[in-house]
Amino acid sequence: MAHRIAVVGSNMTDLVTSIIRMPAPGETLEAPSFFMGFGGKGANQAVAAARLGADVMMLTKVGDDVFGQSTIKNLKDNGVDISHVGIVAGKSSGVAPIFVDESGENSILIIKGANNELKPADIDAAAEDLKGCDLILMQLEVPLETVYHTIAFADRHGIETILNPAPAAPDLDPKQVVKATFLVPNETELALLTGMPTGTDAEIETAARSLIDKGIRTVIVTLGSRGARLITADISTLIEPLRVKPKDTTGAGDAFIGSFARYYVESRELEASLRKAALYAGDSITREGTQKSYATAKEFDGSVARLQP
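Residues numbered from 1 in each chain as written. Predicted model: local features only at pLDDT ≥ 70, side-chain atom pairs only at ≥ 80, totals over all residues. Heavy atoms only, no water.

Engineer: So, the side chain of Gln 139: which residues are in play, and what are the values?
Structural biologist: As for its position among the elements, Gln 139 is in the loop between strand S8 (135–138) and helix H5 (144–156). From its side chain, Gln 139 meets the backbone nitrogen of Gly 42 in a polar contact 3.4 Å long. In this structure the side chain of Gln 139 is engaged in a polar contact, spanning 2.9 Å, whose partner is the side chain of Gln 45. (Helix = DSSP H or I, 4+ residues; strand = E, 2+ residues; numbered from the N terminus. Polar contact = N/O pair within 3.5 Å; in protein donor to acceptor, adjacent residues only side chain to side chain.)

Engineer: Describe the nonpolar core, and please don't skip the residues or the numbers.
Structural biologist: In this structure, Ile 5, Val 56, Ile 162, Ile 220, Phe 256 and Phe 260 are the most contacted members of the largest nonpolar core, which totals 45 residues. If you list the elements that add at least two residues to this core, you get strand S1 (4–8), helix H1 (41–51), strand S4 (55–63), helix H2 (66–77), S8, strand S12 (228–231), helix H9 (252–267) and helix H10 (270–284). No other element matches the eight residues that H9 contributes to this core. Core analysis: the next-biggest nonpolar cluster, separate from the first, contains 40 residues, Leu 59, Ala 154, Leu 163 and Val 178 among them. (Core = buried A, V, L, I, M, F, W, Y, C linked by side-chain atoms within 4.5 Å. Buried < 20%, exposed > 50% of the residue type's maximum accessible area, 1.4 Å probe, protein only.)

Engineer: Outline the pairing of strand S6 (residues 95–100), supporting the account with residue identities and numerical values.
Structural biologist: Of all six residues in S6, five are buried; the element is thus mostly enclosed. Sheet topology places S6 next to strand S7 (residues 106–108); three bridges connect them, and they run antiparallel. Looking at S7, one finds that Val 100 is bridged to Asn 106. Here S6 hands over to S7 after five residues, with Gly 104 in that stretch at a positive phi of 95°. (Pairing = 2+ DSSP bridges.)

Engineer: Break down the sheet that holds strand S13 (residues 236–239) for me, with residues and values.
Structural biologist: Across the sheet, nine strands lie side by side as S5-S4-S1-S8-S9-S10-S11-S12-S13; this open sheet has mixed pairing. One side of each edge strand has no neighbouring strand; the edge strands of this open sheet are strand S5 (81–88) and S13. Taken together, the six bridges between S4 and S5 define a ladder with parallel strand orientation. Residue Val 62 lies in a different strand from S5, and its bridge partner there is Ile 87. The sheet contacts of H5 involve S1, S8 and strand S9 (160–163), and relative to S8 the element is tilted by about 165°. Seen against the sheet, helix H8 (residues 201–213) touches strand S10 (182–183), strand S11 (218–222), S12 and S13 and runs at an angle of roughly 150° to S11. (Contact = heavy atoms within 4.5 Å. Axes fitted to C-alpha atoms, helices over the stretch in contact; angles between N-to-C directions.)

Now the structure itself:
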């Protein structure tokens, strides 16, 4: 039987504009291009894992609009089980205006819409299917009460979990998340969670260890172009990045987490899975877009020899 992953999280429709620079207040600029795509941290991670061959189910909510119908079709087309994707009457779907500059760096706004309607009761309604999962992924684009409820559910049933505390939530309660198996923040999110500086590698490790001291077993800090750092009570290891010229970094962190989940449920080899995920994320930023930049297993296998130094 294939190892099964559940994603409890968000979906968004990405509204992507390529820019030379952001306009000043009151200024109108012409932008080179625009396209629509599929995003949301939860859906991104689900699609990355599914494209790599994982058995993935998604718990999320969409609005009763054209974006919602397109999102459902996109998840299904990418092989994600949509049995627990709900439609909320009278609500818009989530949307994310994204601005990508010439260097590939991005600035993002999110409007959560129906994502705010994913409640603890939805976790309970999916309980029997969730019990059959090996790993549950979560992010913070849905209500915190739902995240807490899911972590507690997984802990009761012996299911491993990944919490990506993004976007950063100043009111995230560390006491509620200590039972997550893996916490995967970036530097900004780590600083907000701990109230500690994260400007240097030493500060990052100190901040991460403060979470370990509170009971979180494994912290994986994503560092963008510098890779990631794996920190447990016993080890601190740098996961080297793939050196590529980025075309679009949008969704790279989600590619990393979704692919890590896929490799980890299969092998249970933590560092090896993270190193494969770094390759996968690096590959994704050589193409434009979010989910459409994620390689299938076959495509990625063909790229590995070319990507590795």
